[in-house]
Amino acid sequence: MNIMDFNVKKLAADAGTFLSRAVQFTEEKLGQAEKTELDAHLENLLSKAECTKIWTEKIMKQTEVLLQPNPNARIEEFVYEKLDRKAPSRINNPELLGQYMIDAGTEFGPGTAYGNALIKCGETQKRIGTADRELIQTSALNFLTPLRNFIEGDYKTISKERKLLQNKRLDLDAAKTRLKKAKAAETRASIWAEEVTKSEQELRITQSEFDRQAEITRLLLEGISSTHAHHLRCLNDFVEAQMTYYAQCYQYMLDLQKQLGSFPSNYHCNNNQTSVAPMPSASSNVIGSSALTSTSGLVIVSPSNLVDLKECSGSRKARVLYDYDAANSSELSLLADEVITVFSVVGMDSDWLMGERGNQKGRVPITYLELLN
């Protein structure tokens, strides 16, 4: 019974305090009550903390968008984080593209120029995907986590103490208002003398509590400068992670470019269109040795020289420069460095010769061959 009485009294006291604060706050807004202003230093610290919180949230959210552009994936990761569970591993876009390229190259044939190039591009894309995953993990650990800890930890504590300071200020101003009213009434009736004494005591208590809370809040807010210094170190870590990522990607693409540079860059067709041939060897007698060099570094074979070659009688031995996959049954598939017999056929397109390898015979592209003496 006594415990219940105590709880009822405490509830009534809390309700009275809440009502007193509400009245004071309303009267301040209406300009009917005085308000204790915080000192300029404390106001500046509060403003700095609020500014830090706003920009930290914006930077954190946009960094998450940068690292994970898929909004559904971000929501999924957020849910798993709140459930304190590890999100399932998910293949990223470069890795998925790389796998598609590898699968396509395997189906087209690793021995063909296009299939081989697709496989090499796919492997590079998968390496980029791995680097992308490492960037996300490093950035999340060294940059996003400290920013999130500030928002969900330090700033929440600051907000809690700031709210307590606001309540203590309302209590102080409410006590000042009651004392002012009690003194005004005392001049009209001596019965208010006791009320004045009570109000003065309440004012001393609320002033002490307000000063104490202001000091606690000030100490917390002064830690914002340390927070900025910590976030600066985290920012340096983020920049270093990005630098490593882009350097890796650049090196991967540079290596890929060198690998693709050894592939033929010509396009073949079955009508009388001019073909673009790969750069010939300086020490070899390449078919169509009189060529026009383009600004792109490729060699455009002169049609007149091809016609001269096709008008020559007899057969010649030729070395295959690049792998070639026959497009249909009329063509002959080629392997780099093998030697075949070639000869011209009246009426055949100028970009092609007839090739023989044992019992196999078919059309072969001129730009894939090097005549042997």
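Up top you'll find the structure we're talking about.
Residues numbered from 1 in each chain as written. Predicted model: local features only at pLDDT ≥ 70, side-chain atom pairs only at ≥ 80, totals over all residues. Heavy atoms only, no water.

Structural notes on the overall build of the chain
The following threshold applies: The way it works is that DSSP assigns letters per residue, a run of H or I at least four long becomes a helix, a run of E at least two long becomes a strand, and they are numbered from the N terminus. A simple rule labels every residue: compare its accessible area, found with a 1.4 Å probe on the protein chains alone, to the largest value its type can have, and call it buried under 20%, exposed over 50%, or partly exposed in between. Contact criterion: two residues are considered in contact whenever any of their non-hydrogen atoms come within 4.5 Å of each other.
A count of helices and strands for the chain gives eight helices and eight strands. Burial status across the chain gives 34% buried among its 373 residues. Sequence-distant contacts, at least 24 apart, represent 65% of the contacts inside the chain between residues at least 6 apart.

Quick notes on the packing of helix α2 (residues 40–67) against helix α7 (residues 224–260)
The line we're drawing: Throughout, an axis means a line fitted to C-alpha atoms (over the contacting stretch in the case of helices), and angles, computed between N-to-C directions, take values from 0 to 180 degrees. For this classification, under 35 degrees means roughly parallel, over 145 means roughly antiparallel, 65 to 115 means roughly perpendicular, and everything else is oblique. Note on convention: near helix rotated counterclockwise from far helix by under a right angle means a left-handed crossing. Clockwise means right-handed. Residues are grouped as follows: Ala, Val, Leu, Ile, Met, Phe, Trp, Tyr, Cys and Pro are nonpolar; Asp, Glu, Lys and Arg are charged; all remaining types, including Gly, are polar.
Between α2 and α7, whose axes approach to 12 Å, the crossing angle comes to 15 degrees. On the basis of their axis angle, the class for α2 and α7 is roughly parallel. Our pair here, α2 against α7, has a crossing hand that is left-handed. Contacts between α2 and α7 involve Lys48, Ala49, Thr52, Thr56, Thr63 and Leu66 on the former and, on the latter, Ile224, Ser225, His228, His231, Phe238 and Gln242. Of the residues assigned to the contact of α2 with α7, the class counts are four nonpolar, seven polar and one charged.

Some remarks on the side chain of threonine 36
The criterion, for reference: Pairing of N or O atoms within 3.5 Å defines a polar contact, subject to two protein rules: one partner must be a possible hydrogen donor and the other a possible acceptor, and residues neighboring in sequence count only if both atoms are side-chain atoms.
Among the secondary structure elements, threonine 36 is positioned in the loop between α1 (2–29) and α2. A polar atom in the side chain of threonine 36 sits 2.3 Å from the side chain of aspartate 173. Side-chain polar atoms of threonine 36 contact the side chain of lysine 176, separated by 3.0 Å.

Examining the sheet that holds strand β4 (residues 316–320)
Strand pairing in a sheet takes place through backbone hydrogen bonds and is either antiparallel or parallel in direction. This is how the line gets drawn: If DSSP finds at least two bridges between two strands, the strands pair.
Across the sheet, which stays open at both edges, the five strands sit in the order β7-β6-β5-β4-β8 with antiparallel pairing between neighbours. Strand pairing shows two members of the sheet lacking a second neighbour, β7 (360–365) and β8 (369–371), which therefore form its edges. Sheet twist, expressed as the mean angle between neighbouring strand axes with direction ignored, is 45 degrees. Pairing of strand β6 (residues 352–357) with β7 involves six bridges; the strand directions are antiparallel. When the sheet's bridge partners are listed, glutamate 356 is paired in β7 with lysine 361.

Quick look at the environment of glutamate 77
Examined against the element boundaries, glutamate 77 turns out to sit in helix α3 (residues 71–82). Separated by 10 residues in sequence, glutamate 77 and alanine 87 have C-alpha atoms that sit 6.0 Å apart. Those residues in contact with glutamate 77 that lie beyond four places of it in its chain are Gln68 and Arg90.

As for a nonpolar patch on the surface
The criterion, for reference: Residues forming no salt bridge and having over 30% relative accessible area are the ones grouped into patches, like charges within 9 Å of each other and nonpolar side chains (Val, Leu, Ile, Met, Phe, Trp, Tyr) within 5 Å. Values of accessible area rely on a 1.4 Å probe in the Shrake-Rupley scheme; residue burial ignores everything except the protein chains shown. Every case where a carboxyl oxygen of Asp or Glu lies within 4 Å of a side-chain nitrogen of Lys or Arg is listed as a salt bridge.
The grouping of Ile75, Phe78, Val79 and Leu83 at the surface amounts to a nonpolar patch, some 400 Å² of accessible area in total. Looking at where valine 79 falls in the secondary structure, it is placed in helix α3.

Thoughts on the pairing of β6
For strand β5 (residues 339–343) and β6, the ladder comprises three bridges, and the chain directions are antiparallel. Paired with phenylalanine 343 across the bridge in β6 is methionine 354.

Observations concerning the nonpolar core
Quick reminder of the rule: The definition of a nonpolar core used throughout is a set of buried Ala, Val, Leu, Ile, Met, Phe, Trp, Tyr and Cys residues joined through side-chain atoms within 4.5 Å.
Residues Leu38, Leu42, Leu165 and Leu221 are the most contacted members of the largest nonpolar core, which totals 20 residues. Of all the secondary structure elements, the ones that give two or more residues to this core are α2, α5 (113–186) and α6 (193–221). Residue contributions to this core peak at nine residues, all from α5. The residues contacting leucine 165, other than those within four sequence positions of it, are Leu38, Leu42, Phe210, Gln213, Ala214 and Thr217. Grouped together as the second largest cluster of nonpolar side chains are 17 residues, Val320, Met348, Trp352 and Val364 included.

Here's the deal with the pattern of salt bridges
This model, assessed by the stated rule, comprises 14 salt bridges. Close ionic contact of arginine 162 with glutamate 50 constitutes a salt bridge, the shortest N to O distance being 3.8 Å. Of this pair, arginine 162 sits in helix α5 while glutamate 50 sits in helix α2, placing them 112 residues apart in sequence. Here arginine 162 falls in the partly exposed class, since its relative accessible area comes to 34%. By relative accessible area, which is 28% here, glutamate 50 ends up partly exposed. Note that lysine 361 is salt-bridged to glutamate 356, the shortest N-O span being 3.3 Å. The partly exposed category is assigned to glutamate 356, whose relative accessible area is 27%.

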